[in-house]
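# Structural characterization, general
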Amino acid sequence: MLKRLLKGFGLLATFVVIAATLTMFFNGSSAAQQSVPENVVAGVFTRNPLQVALLQWYPANLTTTFAAGVGAERVAFDGANVWVTNTGVDNSNSGSTITKLRANDGTVLGTFAAGAAPTGAAFDGANIWVADFAGSAVTKLRASDGVVLGAFAVGSGPGWVVFDGANIWTTNYFSNNVSKIRASDGEPLGTFGLAASPAGMAFDGANIWVCTSNGSVTKLRGSDGAVLGTFAVGTAPYDAAFDGTNIWVTNFVSGSVTKLRASDGTSQGTFTVGSGPYGLAFDGAQIWVANSVSNNVTKLRARDGAVLGTFAAGSDPNGVAFDGANVWVANHNSNTVSKL
């Protein structure tokens, strides 16, 4: 939905996901690249705030495509269920909802009102946060039952949401800034201006990386929003994901993804994918990229960017998420979500 609205403003001219398995831990020297152990309580996996913020999850099963709502846009995983934002009919707020599906079999567990033209979504360990693009707010829903716990004002045109272990960040496209609010109570903690309209974000364990419409990615210090650097990527960068060492960025117009070293922003390469790359996710070894124009998903080896496969998706695949075993893709025009 955000992509369509942004087209009219010229952008086309221009759930970072880390897999957690029993044998894989982060490598490297940055603050984000620390070993995060698995916790088990009474035989049930529990997750600390850093694990939740870095989107570390555990296995599920099954592969198929399931119905979502009208205009399926982006995907978030809560450790057991997949949440799909539905932007509504004709990019309006009519029918704007979020659908909750059980990850192991795709059963729809509920469809809930989610503000006006919901786009991005993120899980904070207990709640789902949804960017209300047409409402200039972010809505907090209790993940257990979808009850709305509050709606909190941010900037104009919020499109993406990221959780950093304690706080929620939103990109505000029309305001040219990023909002930070405390996840526990929605208290505003800061608004940070950017040189150009922001789109997707990723959290690296210490910093927030923001795609901007001028062909660059800005790195903000998570503690105070200070700009730590701005790094060139391709044309119309759209979304970002963290692989434990590097930041990956989709370049919508360039038909490529760029890999930046998270420690200093140095480019590690740009790799051709399909047409109109939109969302992406990391599965612990590979990067999965939804190509919204060519209607497929590209799988890249994270180590070197080699293409390992291209897989058919629904019409206009947008958001991508990894659940510990499978990749979920929201298909906007098909009103579905696919599990690969």
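Above this text is the structure in question.
Let us look at the structure shown here.

This paragraph deals with the nonpolar core. Of all hydrophobic cores here, the largest spans 16 residues; its most connected members are Trp 160, Trp 169, Val 178, Met 201, Ile 208, Val 210 and Leu 220. Counting only elements with at least two residues in this core, the list comes to strand 12 (158-163), strand 16 (198-203) and strand 17 (207-212). The leading source of residues in this core is strand 16, at 3 residues. Core analysis: the next-biggest nonpolar cluster, separate from the first, contains 13 residues, Phe 66, Ala 72, Leu 101 and Ala 321 among them.

Counting through the fold element by element, Thr 119 comes out in strand 8 (residues 118-123). In this structure Thr 119 comes out as buried when scored by relative accessible area, which is 1%.

Turning to the environment of Gly 324, a few remarks are in order. In this structure, Gly 324 sits in the loop between strand 28 (317-322) and strand 29 (327-331). On the basis of relative accessibility, which here comes to 13%, the residue Gly 324 falls in the buried class.

This part takes up the pattern of salt bridges. When the charged atoms of two side chains lie near each other, side chains of opposite charge can form a pair. If you walk through the whole model with that rule in mind, you get 8 salt bridges. Its salt-bridge partner being Asp 185, residue Arg 182 comes within 2.8 Å of it at the nearest N-O pair. Judged by its relative accessible area of 32%, Arg 182 falls in the partly exposed class. Residue Asp 264 is joined to Arg 261 by a salt bridge in which the shortest nitrogen-to-oxygen separation is 2.7 Å. Beyond isolated ion pairs, a larger network of salt bridges with shared partners links Arg 301, Arg 303 and Asp 304.

The rules behind these values
- Residues numbered from 1 in each chain as written.
- Predicted model: local features only at pLDDT ≥ 70, side-chain atom pairs only at ≥ 80, totals over all residues.
- Heavy atoms only, no water.
- Core = buried A, V, L, I, M, F, W, Y, C linked by side-chain atoms within 4.5 Å.
- Buried < 20%, exposed > 50% of the residue type's maximum accessible area, 1.4 Å probe, protein only.
- Helix = DSSP H or I, 4+ residues; strand = E, 2+ residues; numbered from the N terminus.
- Salt bridge = Lys/Arg side-chain N within 4 Å of Asp/Glu carboxyl O.

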